[in-house]
Amino acid sequence: MADRPPLPPFTHETALQKVQAAEDAWNTRDPQRVALAYSEDSVWRNRDTFVTGRAEIVEFLTAKWERELDYALRKDLWAFDGDRIAVRFQYECRDASGQWWRSYGNELWEFDGHGLMTRREASINDVRIEEGERRVHGPRPESERGRSFPLR
């Protein structure tokens with residue numbers, strides 16, 4: 001099995017790298033690419049949905065990005081210890097009717113020794129926004145990397 005650096009135990013620097021790598025991957029909206037960061041038997045709780053394994057992750061993400069149009073995400077490191085990382089995030093998307101949403105969430109991640117995520121728990125709340133209220137437009141520019149994203 002190939003390693004997916006950075007590997008645990010995480011330092012502040014390597015935890016930041018892991019978070020940015022996740023943000024970058026999710027902003028591709030490519031379920032196959034994103035799923036490669038997770039172990040074959042990874043277990044998720046995403047809101048009220050439970051997912052197990054890469055095949056289900058791909059299925060879940062495919063449906064998500066068919067529903068959440070123009071999805072753009074920002075993740076911030078909250079805490080880390082050993083093989084675990086806690087993340088806060090915000091993303092924006094629109095639905096098929098054109099309504100824009102900002103979703104706020106927290107994730108708990110656990111990794112194996114190869115740097116693959118074995119567990120992901122996400123709690124997420126959605127807020128209706130007007131298009132003019134958007135703050136997240138595509139992937140994070142290089143000039144904003146390493147900076148925390150404001151709550152409001």
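Data block above holds the structure.
Residues numbered from 1 in each chain as written. Predicted model: local features only at pLDDT ≥ 70, side-chain atom pairs only at ≥ 80, totals over all residues. Heavy atoms only, no water.

Engineer: Help me get a handle on the overall build of the protein, residues and values and all.
Structural biologist: Summing up its helical and strand segments, the protein has three helices and six strands in all. Reading the secondary structure of the protein in the N-to-C direction produces α-α-β-β-α-β-β-β-β. In terms of C-alpha radius of gyration, the protein reaches 15 Å, essentially the compact-globule figure of 15 Å for 152 residues. By principal-axis analysis of the C-alpha atoms, the protein measures approximately 45 × 35 × 25 Å. (Helix = DSSP H or I, 4+ residues; strand = E, 2+ residues; numbered from the N terminus. Rg over C-alpha atoms; globule rule 2.2 N^0.38 Å.)

Engineer: An account of the pairing of strand E5 (residues 100–111) is needed here, citing residue identities and associated values.
Structural biologist: Where strand E4 (residues 84–94) and E5 come together, 11 bridges link them in antiparallel fashion. Residue pairing across strands places Ile85 opposite Trp109, the latter belonging to E5. Counted between consecutive antiparallel strands, the loop separating E4 from E5 contains five residues, among which Gly98 sits at a positive phi close to 100°. Note: E5 against strand E6 (residues 117–129), 12 bridges, orientation antiparallel. (Pairing = 2+ DSSP bridges.)

Engineer: Before we move on, could you go through the sheet that holds E5 and cite the residues and values that matter?
Structural biologist: What the six strands build is an open sheet, ordered E2-E1-E6-E5-E4-E3; its pairing is mixed. Because the sheet does not close on itself, it has two edges, and the strands there are strand E2 (49–52) and strand E3 (69–81). Put simply, the sheet's adjacent strands are angled 20° from each other on average, direction ignored. Summarising the sheet, strand E1 (residues 38–46) and E2 pair through four bridges and their orientation is antiparallel. Each residue of the ladder has a partner; that of Trp44, found in E2, is Val51. Across the sheet, helix H1 (residues 12–28) is in contact with E1, E3, E4, E5 and E6; its angle to E3 comes to roughly 165°. Sheet strands touched by helix H3 (residues 54–67): E1, E2, E3 and E4. Its angle to E1, the strand with the most contacts, is close to 45°. (Axes fitted to C-alpha atoms, helices over the stretch in contact; angles between N-to-C directions. Contact = heavy atoms within 4.5 Å.)

Engineer: Residues and numbers for the nonpolar core, please.
Structural biologist: Counting residues in hydrophobic clusters, the biggest one holds 29 residues, and the most contacted among them are Trp26, Trp44, Leu61, Ile85 and Trp109. Among the elements of the structure, H1, helix H2 (31–35), E1, H3, E3, E4, E5 and E6 are those that each provide at least two residues to this core. Beyond its immediate chain neighbours, meaning those up to four positions away, Ile85 contacts Phe10, Ala15, Lys18, Val19, Leu77, Ala79, Phe80, Glu107, Leu108, Trp109 and Phe111. (Core = buried A, V, L, I, M, F, W, Y, C linked by side-chain atoms within 4.5 Å. Buried < 20%, exposed > 50% of the residue type's maximum accessible area, 1.4 Å probe, protein only.)

Engineer: An account of the environment of Glu59 is requested, with residue identities and associated values reported.
Structural biologist: By secondary structure assignment, the location of Glu59 is in helix H3. In the structure, Glu59 is positioned 42 residues away from Gln17 in sequence and 26 Å away in space, judged by C-alpha atoms.

Engineer: How would you summarise empty space enclosed by the protein if you had to cite specific residues and measurements?
Structural biologist: Counted by the stated rule, this structure contains one cavity of 30 Å³ or more. As for the largest cavity, its lining consists of Trp26, Asn46, Lys64, Tyr71, Leu73, Lys75, Phe89, Tyr91, Glu107, Arg120 and Ile124. At the level of elements, E3, E4 and E6 are the ones that each hand at least two residues to the lining of the largest cavity. Taken together, the residues of the lining of the largest cavity sort by class into six nonpolar, one polar and four charged. (1 Å grid on protein atoms, 1.4 Å probe; cavity = no way out; pocket = protein on both sides within 12 Å on 5 of 7 lines; lining within 4 Å. Points joined across faces, edges and corners; volume = space filled by probe spheres on them. Nonpolar A, V, L, I, M, F, W, Y, C, P; charged D, E, K, R; others polar.)

Engineer: Summarise the pairing of E1; cite the residues concerned and give the values.
Structural biologist: For E1 and E6, the ladder comprises five bridges, and the chain directions are parallel. Looking across to E6, one finds that Tyr38 is bridged to Met117. In textbook terms, the turn of a hairpin is the stretch between consecutive antiparallel strands, and for E1 and E2 this stretch comprises two residues, one of which, Arg47, has a positive phi near 60°.

Engineer: An account of the environment of His137 is requested, with residue identities and associated values reported.
Structural biologist: As for its position among the elements, His137 is in the segment after E6. For the pair His137 and Ala72, spaced 65 residues apart in the sequence, the C-alpha separation amounts to 6.2 Å. The residues touching His137, leaving out its near neighbours within four places in the chain, are Ala72 and Arg74.

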